Amino acid sequence: MPDEHVFWADRVVEEITKQKRREYVCEGGWSPSGYFHIGNARAEIMTPYAVYLKLKEAGFKAKQVLFVDDFDPIDKIPAGIPVKKAEEENFIGVPSVLAPSPFKGYKNWAHYFVSQLTDVVEEFGFELDIQSSFENYKKGRMNEVIKFSLDHAREIVETWNAVAGSEKPLDFLPLVVTCERCEKSLFTTATAWDGKMAEYKCKCGFKGAVSPLNGRAKLHWRVHWVATWIVNNVAFESGGKDHFSKGGSVDVGRALMQDVFKKQPPYQVPTEFLHLRGAKMSGSVGNVFGLKQWLQVSSPELFRFLFFSYKPNSAIDFSLTGNSFVLLNERFERAERIYYGRGRAENGRIEQKLRNTYMLSLIGKPPKKPPLRVPYFFAVQLVQLADPEKQFKETLALLKQTGHIEGKLSNQETKQLQTLFIRAKNWVDNYAPKEYKISFLEKLSEKELKALPPQARLLLPKVAGLISKAKTADDIQKAIFATAKENNLKPKDLFKSIYLALTGKESGPRAGLLILALGKEKCVKRIREVAG
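No experiment lies behind these values; they were computed from the predicted model shown. (Residues numbered from 1 in each chain as written. Predicted model: local features only at pLDDT ≥ 70, side-chain atom pairs only at ≥ 80, totals over all residues. Heavy atoms only, no water.)

All right, on to the overall build of the protein then. Scanning the protein from terminus to terminus reveals 21 helices and 13 strands. Counting contacts in the protein only where the partners sit at least 6 residues apart, residues at least 24 apart contribute 70% of the total. When the accessible area of the protein is evaluated, it comes to approximately 25800 Å², of which 48% is carbon and sulfur surface. In the protein, which carries 80 positive and 61 negative side-chain charges, the distance between the mean positions of the two groups comes to 5 Å. (Helix = DSSP H or I, 4+ residues; strand = E, 2+ residues; numbered from the N terminus. Contact = heavy atoms within 4.5 Å. Areas by Shrake-Rupley, 256 points an atom, 1.4 Å probe, with all protein chains shown as cover. Lys, Arg positive; Asp, Glu negative; His and termini not counted. Charge placed at Lys NZ, Arg CZ, Asp CG, Glu CD.)

So this is what it looks like as structure tokens:
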């Protein structure tokens, strides 16, 4: 039985390095017919990336490749893309690298969608060799395997049928030609191969013959997948779990690699789907959350932590609109405390797992001292009280009052803090559920007044007087707590009264901080009004 204390990628490294390769290539693949989303990133980047990191850590020469299949045809227009119904025929069936861009400023369809990844990939710390499928075909990297595949087409079909239980005709040619007339590849069928030229027909009515080499045609995707293993000498690969079903594309590909191409297939690990609010993400449908959107609300380190926290075969149901996002941040902050010896886990096994996950999540080497850290949940509260772009000086002053920062900050620390708060504000503005929203209650209703604990309400005039004299958030906090204790009242009842009076909610951020941020005079006035 495998040792559960060992990180899953360490076991993979142990297996694949038995092959004694000079370089271990970890590969993923993606078709830019739609958006690259964080679900794609899990299978096609993060799973191979974990193995790549562990190979390097163990001293092996390694490389990570993302094979972008921009030679694939567009089969549907994703939701939100500004293409009119009447114009869809200009896109459907055209290889994404040859289709016009749906937005200005990009060379073609593929360039726009790939840029959503390439614009930010370095911020996540990835060291990717991003390869264009079209360029690999055009420059001749695929020529040898194209000729071999066509020369051995019958063997490919026989193997395919045997593994998949299909009945593909024995004269099938695994080639997809881009039509010379309509420039579409989705509707063509290769009909003959004489060793140099491939004949084909298209639904547009055109018939022709072309050399399949140097970019006029590509291999059928099942054979194309195998071809990428060969041209990149792939040692490890992952993919969505749907490809790993019995008789599916992985089984077919491995059989083709072994029985037809006479080569060893890569070591493969299936990766479970990442669900967004319970639904599987789809780049062609449009229900996606991409890497650019992630950076608007959180750090690349948290992104890495999310995926390194799970084995590839564990499903992740992720939500930005519930409290799971805040809890994810809190788990990361806890792992950081444990890594630096400022906290303990339930047992040694969990502690080691959290230390390892945290270390993998960092971009570069961990700093010797714990980095400056303001809890994300606290940032979520504070950004609703002071705008991090317009009032960042006030934010820093509040952080000093609450003891979250001490002394003078470096320019880098200041910038990192402001970025954290801007991201937190973006999350609050666009995704936070109601229970996380804070605002001054402009008008107090009878409902809120009736909810006030009677004994606590009697103490509000005294509390208002103490608040008006207090200078810091901590002074306010202590005054409220002491007033409750002196009058034999549970402190939580007095705090509840203050929260209800100011926000209409029974709880919230530290009352001292809330009062300073909302405005002390305004809060004192409201508390006196409520006291009657």
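Turning next to the pattern of salt bridges. Per the counting criterion, the structure on display carries 22 salt bridges. A salt bridge links E15 to K18; the shortest N-O distance between them is 3.2 Å. Across the pair E127 and K56 runs a salt bridge whose closest N-O atoms are separated by 3.2 Å. Of the two residues, E127 is situated in the loop between α3 (109-118) and β3 (128-132) and K56 in helix α2 (residues 38-57); the sequence distance between them amounts to 71 residues. (Salt bridge = Lys/Arg side-chain N within 4 Å of Asp/Glu carboxyl O.)

With that settled, consider the side chain of S319. Examined against the element boundaries, S319 turns out to sit in the loop between β13 (316-318) and α11 (324-339). Residue S319 is classed as buried on the basis of its relative accessible area of 16%. A polar atom in the side chain of S319 sits 3.2 Å from the backbone nitrogen of T321. Here the side chain of S319 touches G322 through a polar contact of 3.3 Å, landing on its backbone nitrogen. (Buried < 20%, exposed > 50% of the residue type's maximum accessible area, 1.4 Å probe, protein only. Polar contact = N/O pair within 3.5 Å; in protein donor to acceptor, adjacent residues only side chain to side chain.)

For the rest of this paragraph, the subject is the packing of helix α18 (residues 473-486) against helix α19 (residues 491-503). With their axes 8 Å apart at the nearest point, α18 and α19 run at an angle of 125° to one another. It follows that α18 is oblique to α19 by the angle criterion. In this structure, α18 crosses over α19, and the sense of that crossing is right-handed. Facing Q477, I480, F481, T483, A484 and K485 of α18, the residues of α19 in contact are P491, L494, F495 and I498. For the contact of α18 with α19, the per-class residue count stands at seven nonpolar, two polar and one charged. (Axes fitted to C-alpha atoms, helices over the stretch in contact; angles between N-to-C directions. Parallel < 35°, antiparallel > 145°, perpendicular 65-115°, else oblique. Left-handed = near helix turned anticlockwise from the far one by under 90°. Nonpolar A, V, L, I, M, F, W, Y, C, P; charged D, E, K, R; others polar.)

Let's shift gears to the sheet that holds strand β5 (residues 188-193). As summarised here, the arrangement of the three strands in space is β5-β6-β7, forming an open sheet in which the pairing is antiparallel. Of all the strands in the sheet, just β5 and β7 (207-210) have a single pairing partner and so form its edges. When strand polarity is set aside, the average angle formed by the axes of neighbouring strands in this sheet is 30°. For strand β6 (residues 198-202) and β7, the ladder comprises four bridges, and the chain directions are antiparallel. Across the sheet, the residue bridging to A198 is V210, located in β7. (Pairing = 2+ DSSP bridges.)

Moving on, we get to the nonpolar core. In this structure, V51, W294, F303, F318, L417, F421 and W427 are the most contacted members of the largest nonpolar core, which totals 127 residues. Once residues within four sequence positions are removed from consideration, W294 is found in contact with F124, F289, S299, P300, L302, F303, L306, F318, F325 and L328. Membership of the second largest hydrophobic core comes to 38 residues, among which are F71, L150, A153 and A198. (Core = buried A, V, L, I, M, F, W, Y, C linked by side-chain atoms within 4.5 Å.)

Counting buried residues along helix α10 (residues 300-308), eight of its nine residues qualify, which places the element largely inside the surrounding structure. Within α10, burial applies to P300, L302, F303, R304, F305, L306, F307 and F308.

By the element assignment, N329 lies in helix α11. With sequence-adjacent residues up to four places away left out, N329 is seen in contact with S298, L302 and Y376.

Further remarks concern the packing of helix α6 (residues 153-164) against helix α8 (residues 249-260). Closest axis-to-axis distance for the α6/α8 pair is 9 Å, and the angle between their directions is 140°. Considering their axes alone, α6 and α8 lie oblique with respect to each other. Of the two possible hands of crossing, α6 and α8 adopt the one that is right-handed. Contact residues: α6 offers E155, I156, T159, W160, V163 and A164, while α8 offers D251, V252, A255, L256, D259 and V260. Split into classes, the residues belonging to the contact of α6 with α8 amount to eight nonpolar, one polar and three charged.

Considering all chains together, one arrives at 41 aromatic pairs under this definition. Ring centres 5.1 Å apart and planes at 80° place the aromatic pair Y106 and Y112 in the edge-to-face group. Residue classification places Y106 among the partly exposed residues on the basis of a relative accessible area of 29%. Between Y112 and F113, the aromatic rings sit 4.9 Å apart at their centres with planes inclined by 75°, giving edge-to-face as the arrangement. (Phe/Tyr/Trp six-rings, centres within 6.5 Å; stacked < 30°, edge-to-face > 60°.)

Turning to the sheet that holds strand β10 (residues 267-271), a few remarks are in order. Here we have five strands laid out as an open sheet, ordered β3-β2-β1-β9-β10, and parallel in their pairing. Strand pairing shows two members of the sheet lacking a second neighbour, β3 and β10, which therefore form its edges. For this sheet, the mean angle separating the axes of adjacent strands, direction not counted, is 25°. Contacts from α2 reach β1 (24-30), β2 (62-68), β3, β9 (234-240) and β10, with the element oriented near 150° to β9.

Let us look at helix α14 (residues 392-401). Along α14, the residues classified as buried are F392, T395, L396, L398 and L399. Taken around the axis of α14, the buried residues stretch over an arc of 160°, which confines them to a single face. Buried residues in α14 make contact with α13 (376-382), α15 (411-430) and α20 (511-518). Positive phi shows up at G403, right after α14, with a value of about 80°. (Arc of directions from axis to C-beta.)

The pairing of β9 with β10 spans five bridges and is classified as parallel. Bridge pairing in β10 links S238 to V269. With α8 bridging β9 and its parallel neighbour β10, the resulting β-α-β unit is right-handed. (Right-handed = clockwise from strand over helix to strand, strands pointing away.)

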